[in-house]
Structures are given as structure tokens and as C-alpha cells.
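Chain and residue survey
Next come the chains, spelled out residue by residue.
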Amino acid sequence: MKVSDIIISCLETEMVEYIFGIVGKETIDLADSLSKSTQIQFVNVRHEQGAAFMADVYGRLSGKAGVCFSTLGPGATNLLTGIASAQLDHSPLVALIGQAGVARNHPESHQYLDIVTLTEPVTKWSNQIMESQTVPATIRKAFRLATMEKPGAVAVVLPENFLTQQISAKPLPVQPLPETVPAVETIEAARTLIQNSRKPFFLVGNGVIRQDATQELQALINTLQAPVTHSFMSKGILPKEHPCNYFTFGFAEKDEVIAGIRESDLIICIGLDLVETPTKNWNESKIPVLHIDTLPAEVNEYYPVEIECVGNIKKTLQSLNQLVLPPKSWVPAGNLKEKIMTAHQINDGQFKPSGTPLTIEQILHCIEAVAAENTIVISDVGAHKVSIARTYQPKQPNRVIISNGLASMGIALPGSIGAKLACPNDPVICITGDGGAVMNIAELETANRHGLSFMIIVLNDSMLKLEVQQMNKRFGDNFGVTYQNPDFVKLAESFGIKGKKVMTIEEFGVVLKENLQRQEEIVLVEVVMPN
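Residues numbered from 1 in each chain as written. Predicted model: local features only at pLDDT ≥ 70, side-chain atom pairs only at ≥ 80, totals over all residues. Heavy atoms only, no water.

Each strand in a sheet pairs with another by means of backbone hydrogen bonds, the pair being arranged parallel or else antiparallel. With parallel pairing, six strands are arranged side by side in an open sheet as β9-β8-β7-β10-β11-β12. Either end of the sheet is taken by a strand with one partner, and the two such strands are β9 (245-248) and β12 (305-310). Strand-to-strand twist in this sheet, taken as the mean axis angle between neighbours without regard to direction, amounts to 15°. Against the sheet, helix α10 (residues 214-224) contacts β7 (200-204), β8 (228-230) and β10 (266-270), and its axis sits at roughly 165° relative to β7. (Pairing = 2+ DSSP bridges. Helix = DSSP H or I, 4+ residues; strand = E, 2+ residues; numbered from the N terminus. Axes fitted to C-alpha atoms, helices over the stretch in contact; angles between N-to-C directions. Contact = heavy atoms within 4.5 Å.)

Written out as C-alpha cells, the structure reads:
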């Protein structure tokens, strides 16, 4: 078999369902081998950045490594943003990148870049095939590292001269990742630390979702009855109405829950990815930390770890739940929960559609009221991302996808394609600003060609709103952050997609109900926002 056939056979052994990418001259043999696979579907996209974003979100929702694919040079550089997004948000991703033959590695050469060096800063591992017989081991290692906690991105560079070589090799078997649990003595020390505290406070991160530990965490919370706050990416672990739910933290401004954290005498951090928010922002008082995660803590002066429970989070919490732990019920001062709900516009009573200016918060309340429990909301990056993190309350975990490590504009539309392929039976709603929408608008054609169905909400205010707000606050004016937009409805129709324009919350509610009930096609809803 030729090497490109072996690569596809390895991917099939890894249970790959989709590969997102664009074929180039250096990768035509791999494309030829892929065309013969009855297991793997190739999603040929319009831009490599979109391919990497699709693989990022697919990996985050499926728990399997998303796979993206490009040729050398500009194809590789176009992948970089999406690869970095997966790395910082801990999404499992494997990037297969074509390269010139090894004879061109040393002289200055057309389209040649050192892709390994280029991708090393944004991956867990980056490697170029230098011997064709190593392909099975390299592919196996790539998927193992990509999915191993904490998950992230891996790049495998494929020089074209190897792809046509004939070799005798076969895929390596996939072995389950080992699961470790803290020692009994460590669990006992954690119990003592909790028992000796008076006011523990839970800080919950996305690692709980990745490790399928939601039920175990809920059991521990119900035992201790202590306050809980979530990172952006872990929203939905606690139901909205849960008495211990103090919603979300990690905001640059007006992070109301910090007042409650400062009252505590022990912070119980579970599965928290510190990339989402600096520790100084929420622990300037240097309150002791009980660290429960898959990896040892990244210690700094604002993360003073007393006990580390390192290992599988689900099994760690099961061990803690088997112990006798006393309730630690306490309520932060000053009606903090009510203040948070008011400031974040979480209360349904604040939703007043008639005669009021259209806001993103009204849109989110409308979605929350109508959407099914399994609805997935994909947020792009911008002012609306902050509103989604504050206001929107999903009914299940892992139903809100927010890019918060790299926080890259343009992720929502291609990310919705990845989400729909990972969860084909779940409704998907993409919420994007006009800035992020135009960045990858060509993927409308990709989604339509593959027969997908989801809703795209484009918030049109002809500006980068977050930057406008920040510049106006600092300088009293803004510069370079406004623009003219296309007619999004006509643009959608030019791609063969239904478009609707709405200017009031009543109009939006009608369109939302009509299309969420059917979910038979892609619908782009342009929401004209007041400036």
C-alpha cells in the first residue's frame, strides 16, 4: 500500500468520521486515498481557517479529535488561528498538513515554510514525517496526545515525496488512555481541608464537562451546599434555579461574584482552565485553594494551593462523595445572588419586549424561552459574547460553545458546521456579530452543500461594538472600528440560503419559533441593532 493509503487506514482505526480541509497539489495523493474511504467524509471547505474551527468545535462536542487538513505554505498558515483556538480552549484536534518533498527543506523554495517550527507554539506536539515506516506510530501518537488531558492540538506534517511510497505497514491498535486517581491520603487531606473551612466557594471549569463529571459534581455541591460559580465554557453544569448557582465569573469589568469569592475562606477549583481568566482577577486576596483537576496546578501567588487532587475528575469526585462531609451552607452578604441576576439580566421579569429598544439580552431570553434543552448555542467573539456569558442560561452542560482561550472572531459560523456534524440531532444556533460573520461567510456554501440545518443570527450594528465601547470610555470617541455591511439577507440568498431581516423582538420571536420547530434548512436572521 502507498503511504497515503496507510494514513487513511490509521484515521479509520482512530474512528475518524470527518476531515475538514482543502486539497492542494502536495496532498492530492492523500485526497485520492480519502476518496476510497467508506467511513470518513471529507468536508471540503472554502478557507482553511474555517476547517480548523470546524474541527475545534467538533472535537469539543464529540470528545473525539477533530481532524483538519491543508496543503503547505498559505494553507498551513491559514490553519494556524483555528489550531491555536483548539489548543487554548483544550479541544482535541489533529491537523494534517502537506509539505514539499524533503529535498526542498534546505534551499529557499517556492511556498516552503518550516511548518513544524511554525506550529510548535500553538500545539501540544508538532512533527514531520521523515521516514515512511513511522507513519502508523506517528498517527497513533498524534491522536493519543490530542485527546489526553488536557486535550489540545497536534500537527502532523506530510512531505509529498513520502505519500506515494509503497510500504508494508498497518495501523497501531487504539488503547484506552490510563486513568489515575489521587491517593487515599490525598482524598482524606482534601476532606480535612473542607471540614476545617467555614465558607468554601466552588469555582467550576470546563474540565468537569470534558471528564463527564457533572453528576458527581452536582452531588458534592448538594452535600456541601456552598456557592458555585462557572467559567464561560462550563455554563449549564448547575441548573439556573439551583440555590447554590452564582452563575458566571471571569469578566474584565463588573464581575459581581468576586465579592462573594472574597468572603470565602477556601476556593474549591474543579476542572478550571486558567487560560480563561487570570487568577489575580478573582483571588487577589490569596484565599487558599483546593485544586481538583487532571493535571497539577500552575501555581502562582494568586493560586495558593493547599491540597492537589490530581487525576480523573469524575473518579476523584466519586471518592469525595463516598466520604462523610458536613454541610457548609452559607450565603454571601448583600443579596449577592439577586444583584448578579439583576446585573446580568438573568431574571425573566426583566424581559420587556414591547416598546423597548432591541437588545442582545432580549434575544437571549427569547431563545432561552423557546429552545429545546439540547439546543447548542455557538457564540462568536465580541460584545455579544460577554452578554451570552452573563445572561444566557443553558439547560444542559456543553450546550454553549464560547471561544474564551484564544477568543477568536470568526469561529461561530464554521463552528456551527462542526457542531451540527458532531450532534446531528440537536438544534444549533449561531450567534455572531457582523464583524465575525463576514470573516468566514463563505462557509455558508459549505454548510448548504452538505445539507446541514441550523440558524445563524447576525447582529448588525455596523461596528466592532466592544471596541467602540472601550474607546469611547477611554478617549470619548472611537476610530477605525465602524464599517459598512452587505445586505446579509441578499448575501444569504446568493448562497441558496433563506434570509430574514428583523428589527423588533416580536419579529425575532416569530422567526425563531418557526425555524426552531422545523430545523430543516439553514436560516440566516439579520437582526438590525440600534447603534
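Still to come is the rest of the account.
On to the pattern of salt bridges, then. With the rule as written, the count across this model stands at 27 salt bridges. Note that Glu 188 is salt-bridged to Arg 191, the shortest N-O span being 2.8 Å. Placement of the pair is Glu 188 and Arg 191 together in helix α8 (residues 184-196), with a separation of three residues, close to one helical turn. Its salt-bridge partner being Glu 445, residue Arg 449 comes within 2.8 Å of it at the nearest N-O pair. Of this pair, Arg 449 and Glu 445 are both found in helix α19 (residues 443-449), four residues apart, which corresponds to roughly one turn of the helix. Taking the relative accessible area as the measure of exposure, Glu 445 reaches 21% and is therefore partly exposed. Through salt bridges that share partners, Glu 149, Lys 150, Arg 210, Asp 273 and Asp 293 make up one connected network. (Salt bridge = Lys/Arg side-chain N within 4 Å of Asp/Glu carboxyl O. Buried < 20%, exposed > 50% of the residue type's maximum accessible area, 1.4 Å probe, protein only.)

Right, let's talk about unusual backbone geometry for a bit. The residue after Glu 149, namely Lys 150, is reached through a cis peptide bond having omega -15°. For Lys 150, the location among the structural elements is in the loop between α6 (135-147) and β6 (153-159). Of note in the backbone geometry, His 90 takes a positive phi value of approximately 55° without being a glycine. The residue His 90 is located in the loop between α4 (74-88) and β4 (93-99) in this model.

This brings us to a nonpolar patch on the surface. A grouping of Leu 88, Val 275 and Leu 406 is seen on the molecular surface, where their side chains present a nonpolar patch of about 190 Å² in accessible area. With respect to the secondary-structure elements, Leu 406 resides in the loop between β14 (400-402) and α17 (412-422). You can call Leu 406 partly exposed: its relative accessible area is 31%. (Patch = residues over 30% accessible without salt bridge, like charges linked within 9 Å, V, L, I, M, F, W, Y side chains within 5 Å. Areas by Shrake-Rupley, 256 points an atom, 1.4 Å probe, with all protein chains shown as cover.)

The next subject is the packing of helix α3 (residues 48-62) against α4. Where α3 contacts α4, the axes come no closer than 7 Å and their chain directions differ by 25°. Judged by the angle between their axes, α3 and α4 are roughly parallel. Classified by chirality, the crossing of α4 by α3 is right-handed. Counting all contacts with α3, which are made through Glu 48, Gln 49, Ala 52, Phe 53 and Asp 56, the residues of α4 involved are Gly 75, Asn 78, Leu 79, Thr 81, Gly 82, Ile 83, Ser 85 and Ala 86. (Parallel < 35°, antiparallel > 145°, perpendicular 65-115°, else oblique. Left-handed = near helix turned anticlockwise from the far one by under 90°.)

Right, let's get into the nonpolar core. Among the nonpolar cores identified, the biggest contains 53 residues, and Phe 20, Cys 68, Leu 93, Ile 378, Leu 421, Phe 454 and Ile 456 are the most heavily contacted of them. In terms of nonpolar packing, the next biggest core, distinct from the first, is built from 50 residues, Phe 201, Phe 249, Cys 309 and Leu 325 among them. (Core = buried A, V, L, I, M, F, W, Y, C linked by side-chain atoms within 4.5 Å.)

As a further point, take α4. If you check α4, its first and last C-alpha atoms are 22 Å apart, about what 15 residues at 1.5 Å a residue would give, namely 21 Å. The principal kink in α4, of about 35°, is found at Leu 80. Residues of α4 that are buried: Gly 75, Ala 76, Leu 79, Gly 82, Ile 83, Ala 84, Ser 85, Ala 86 and Gln 87. Contacts from the buried residues of α4 go to α3, β3 (66-70), β4, α5 (115-119) and β6. Two residues or fewer past α4, His 90 is found with a positive phi of approximately 55°. (Expected span 1.5 Å × (residues − 1). Bend = angle between axes of the 7 residues up to and from the residue.)

Within the open sheet, the six strands sit side by side as β14-β13-β15-β16-β18-β17. Their pairing is parallel. Edge positions in the open sheet fall to β14 and β17 (498-502), since each of these has one partner strand only. On average, each strand axis in the sheet is tilted by 20° relative to the strand beside it, whichever way the strands run. In this sheet, β14 lies alongside strand β13 (residues 376-379) in parallel orientation, the contact comprising three bridges. When the bridges of β14 are listed, Ser 379 appears paired with Ile 402. Packed on one face of the sheet, helix α22 (residues 505-518) meets β15 (428-433), β16 (455-460), β17 and β18 (523-528) and runs near 155° to β17.

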